[in-house]
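Observations on chain architecture
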Amino acid sequence: MSPLDAIRRDHAQLSAIRQDFHAHPELGMAEHRTAARVAELLESWGVEVHRGVGGTGVVGVLRNGSGNRAIGLRADMDALPIEELTDLPFRSTTRGVMHACGHDGHTTMLLGAAKYLAETRNFDGTVHLIFQPGEEGCGGALAMLEDRLFERFPCDAIYAMHNRPGMALGEYGIRPGPTAAGGAFFDIRIEGKGAHGARPEVSIDPVLAACHVTTALQSIVSRNISPRDAAVVSVTKVVGGDAYNVIPQTATISGTARFFSRDVAARIEEGMRRVAEGVAAGFGATASTDWRLIFAPTVNDPEQTEAFAAAAADLVGEEKVARDNPPGMGSEDFSFMMEKVPGAYIHVGNGPGEMPHHPRYAFNDDAIPYGAALYARIVERGLPKA
C-alpha cells in the first residue's frame, strides 16, 4: 500500500488534530499548547521526543535498521496576528490570532508522516521530525540553529513544504535554485530641526527629506541592480510629527526588501544607506538606516529538488508535479536551515480559496494526506531498506 493510501485511512483523525490546532492558534515563539500537543502525539506513537529546542520547538527522532544516514523533515507551528473572519465551526478561539497561513496544516502533515513511519518502519536510518516555532518573521529557524539543531540532530538532507491556494489538490510545484525570496525590514530615521509650522525657514524639515528619500529609494532596484536579478524595495510606512502646526524633529521611513541572493541583499542595503544619507544631507538633515535580515533566500539544492519531485511523482504521477514552478517574492525562514544542510522546499496544492495571510483564508483538510505522504515517501526513497 502506498503512503498516500495508508495515510488516507487516518484522515478523520488527522483532520480533527488540525482543526484543534486551528481553534487554538499561538503566535511565534509562544506555541506552548501546540508544542505540548505535538510532543504528546509523537510520544503516543512511540517517537523519541525532544522539547524546548530553540524555545518552543519540538524534534521527534525515529530510528530503524543500521543505516547511518539521516533525513530531516520540517514543519512550522506558529499563527499570525490576524482576526479571523471565517464562519468555520472550529474558527480561532483566540481574539486577534489566526492560523491564516496553514501552519496548522503543515504541522498536521508532519504528524501524519510521523505516525505512518512509526508504524511501518519502511526505512533504514534516522528521521528527524522538526516542528519549528516562529516562522512568521520571529526568528524561529535561527533560534533552533543557535540551539545546535544540526549538531544534536545531524541531517544529510532536509525537506519542507507549504500549501498553495490556487494549485489543484493533489498537485505539487517545485524548482531547483531560488524558489522564495529573502526578506529584510528597514527603518530609516531622518533627523532634522523642529519648528513652528508657520516658520519653515528656521526648520530642517525631516518630513520633506523623508519624502524625497522615499522617492529616491526606488532608484536602487532600477539603477543599481541588474535587470537579470529580481528584487523589490517597498516603503510601507512613513511616520513624522504629531501636530498640524509643528514641523517635527524626526521622521521615519520603514519598509521591506526582497531578493534572491545575499549578494543582491548586500547591494540593496549599501544603496539604501548611500541614498538616504546623501538625499537627507541635501536638505541639511541626517539619516541613519537600521537594516535587518529577516529571511535568507530559499534556494533549493538541485539533487534534493529532484529527489523530492520524484517522491511526489511516485504518489500522483509525473503529470501532477510541476518541476519548474515559478519562484515567488514571499519569504520562508526554512532558508536558514538550507544554508546549513542541502534540502528542498515544495508547494502542495490546497485547491481554490483565499491566499495566505488573508482573514478568510482556509486550509483544505483534503490536502493533509498529500503532504504527509510526501514526507513519508521522501524518507522511504532517501533511506531505503536493503
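This report concerns the structure included in the present document. (Residues numbered from 1 in each chain as written. Predicted model: local features only at pLDDT ≥ 70, side-chain atom pairs only at ≥ 80, totals over all residues. Heavy atoms only, no water.)

What to know about the packing of aromatic side chains
Scanning all chains against the criterion turns up three aromatic pairs. On the numbers, 6.4 Å between centres and 25 degrees between planes, the contact of Phe259 with Trp291 is stacked. Residue Phe259 is found in strand β12 (residues 250-259), and its partner Trp291 is found in strand β13 (residues 286-295); the two are separated by 32 residues along the sequence. The exposure class of Phe259 is buried, given its relative accessible area of 0%. Classification of Trp291 by relative accessible area gives buried; the value is 13%. (Phe/Tyr/Trp six-rings, centres within 6.5 Å; stacked < 30°, edge-to-face > 60°. Helix = DSSP H or I, 4+ residues; strand = E, 2+ residues; numbered from the N terminus. Buried < 20%, exposed > 50% of the residue type's maximum accessible area, 1.4 Å probe, protein only.)

Describing the sheet that holds strand β15 (residues 321-322)
Ordered by their spatial adjacency, eight strands build an open sheet running β1-β2-β4-β3-β5-β16-β6-β15, and the pairing between neighbours is mixed. The outermost strands of the open sheet, each flanked by one partner alone, are β1 (48-53) and β15. Of the pairings in the sheet, the one linking strand β2 (residues 57-64) to strand β4 (residues 125-132) comprises seven bridges and is antiparallel in character. When the sheet's bridge partners are listed, Gly60 is paired in β4 with Leu129. (Pairing = 2+ DSSP bridges.)

Considering the layout of surface pockets
The computed volume of the largest pocket comes to approximately 620 Å³. Residue lining of the largest pocket: 26 residues in total, with Cys101, His162, Gly330, Ser331 and His357 positioned closest to the centre. Those elements that place two or more of their residues in the lining of the largest pocket are β5 (157-164), β7 (177-180) and β16 (343-349). With three residues, the single largest contributor to the lining of the largest pocket is β5. (1 Å grid on protein atoms, 1.4 Å probe; cavity = no way out; pocket = protein on both sides within 12 Å on 5 of 7 lines; lining within 4 Å. Points joined across faces, edges and corners; volume = space filled by probe spheres on them.)

Considering unusual backbone geometry
Its identity as a non-glycine residue notwithstanding, Arg148 has a phi of 65 degrees, on the positive side. By the element assignment, Arg148 lies in the loop between α5 (140-146) and α6 (149-152). Residue Arg148 is classed as partly exposed on the basis of its relative accessible area of 48%.

A closer look at the side chain of Arg175
Of note, Arg175 is situated in the loop between β6 (172-173) and β7. A polar side-chain atom of Arg175 sits 2.6 Å from the main-chain carbonyl oxygen of Pro178. (Polar contact = N/O pair within 3.5 Å; in protein donor to acceptor, adjacent residues only side chain to side chain.)

A word on the environment of Pro227
Residue position: Pro227 is located in the loop between α7 (206-224) and β10 (231-239). According to the relative accessible area criterion, Pro227 is exposed, its value standing at 86%.

Things to note about the nonpolar core
Counting 61 residues, the largest nonpolar core has Leu42, Leu73, Leu129 and Tyr172 as the members making the most contacts within it. In terms of residues, this core owes the most to one element, helix α11 (residues 368-382), which gives nine residues. Once residues lying within four places of it in the same chain are set aside, the contact partners of Leu42 are Val47, Val49, Val58, Gly60, Leu111, Ala114, Leu129 and Phe131. Ile188, Ala276, Ala280 and Trp291 belong to the second largest nonpolar core, which has 27 residues in total. (Core = buried A, V, L, I, M, F, W, Y, C linked by side-chain atoms within 4.5 Å. Contact = heavy atoms within 4.5 Å.)

Observations concerning the sheet that holds β12
Taken in spatial order, the four strands make up an open sheet running β10-β12-β8-β13, and their pairing is antiparallel. In the strand order of this sheet, the two ends are held by β10 and β13, each with one partner. Averaged over all pairs of adjacent strands, the angle between strand axes in this sheet comes to 20 degrees, irrespective of strand direction. Here β10 pairs with β12 via eight bridges, running antiparallel. For Lys237, the partnering residue across the bridge sits in β12 and is Ser254. Docked against the sheet, α7 engages β8 (182-191), β10 and β12, running at close to 170 degrees with respect to β10. In this fold helix α8 (residues 262-282) packs onto β8, β10, β12 and β13, with an angle of close to 160 degrees to the strand it touches most, β13. (Axes fitted to C-alpha atoms, helices over the stretch in contact; angles between N-to-C directions.)

Observations regarding the pairing of β16
Among the seven residues that make up β16, seven are buried, leaving the element largely enclosed by the rest of the structure. In β16, alternate side chains face the same way, and those of Gly343, Tyr345, His347 and Gly349 on one face and Ala344, Ile346 and Val348 on the other are all buried. The pairing of β5 with β16 spans seven bridges and is parallel. Residue pairing across strands places Ile158 opposite Gly343, the latter belonging to β16. Alignment of β6 against β16, held across two bridges, turns out to be antiparallel. Paired with Tyr172 across the strands is Val348, a residue of β16.

What about the pairing of β5?
For a regular strand, side-chain orientation follows a simple rule: the groups alternate between the two sheet faces. Most of β5 sits out of view: seven of its eight residues are buried. Of the strand pairs in this sheet, strand β3 (residues 70-76) and β5 are connected by four bridges, and their pairing is parallel. Bridge pairing in β5 links Ile71 to Ala157.

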